[in-house]
Amino acid sequence: MTTTNFKARAYRSGNWWAIEITDGLPDDMLGVTQAKRLDKAEEAAREVLADLLEINAGEITVEMHYDTPVGVKSAQRTLEKAMTHAADAAELEHSARRGVVAAAMAEGLTQREIALILGISHQRVAQLA
């Protein structure tokens, strides 16, 4: 079985998701369909491609790209920034925690004592050491 690869774009059109095949079709073909729910967009794209090309839908892979409404894009960018900051903060926290463990061990504290000070298990202290 040969797999054929395509690219498609889904975007809101009223209460529906419009789906355009953007790459992989011959120049003289236009692949457009719609789906009520976004989770059905890839399946709808495969079905229209199967009909157009007269091949089995199981032989088709579609790389989907989703164009979200402007308000969603703005909120999504805010979320992505927050996630980046959270990842940076988590890395800083991890580094600082390792620093505390190293400093405490240099002072001669046991792993169990360090665990009590940091409020973590002594096993976690051993991992950080």
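Residues numbered from 1 in each chain as written. Predicted model: local features only at pLDDT ≥ 70, side-chain atom pairs only at ≥ 80, totals over all residues. Heavy atoms only, no water.

### Side note on the pairing of strand β1 (residues 4-13)
With eight bridges joining them, β1 and strand β4 (residues 60-67) adopt parallel strand pairing. Of the residues in β4, the one forming a bridge with F6 is V62. Pairing of β1 with strand β2 (residues 16-23) involves seven bridges; the strand directions are antiparallel. The partner of S13 across the bridge, within β2, is W16. The antiparallel pairing of β1 with β2 creates a hairpin that spans two residues between the two strands, and G14 there sits at a positive phi of about 65 degrees. (Pairing = 2+ DSSP bridges. Helix = DSSP H or I, 4+ residues; strand = E, 2+ residues; numbered from the N terminus.)

### Considerations on a negative patch on the surface
The grouping of E43, E47, D51 and E54 at the surface amounts to a negative patch. Summarising the element assignment, E47 is placed in helix α1 (residues 41-53). For E47, a relative accessible area of 42% corresponds to the partly exposed category. (Patch = residues over 30% accessible without salt bridge, like charges linked within 9 Å, V, L, I, M, F, W, Y side chains within 5 Å. Areas by Shrake-Rupley, 256 points an atom, 1.4 Å probe, with all protein chains shown as cover. Salt bridge = Lys/Arg side-chain N within 4 Å of Asp/Glu carboxyl O. Lys, Arg positive; Asp, Glu negative; His and termini not counted. Charge placed at Lys NZ, Arg CZ, Asp CG, Glu CD. Buried < 20%, exposed > 50% of the residue type's maximum accessible area, 1.4 Å probe, protein only.)

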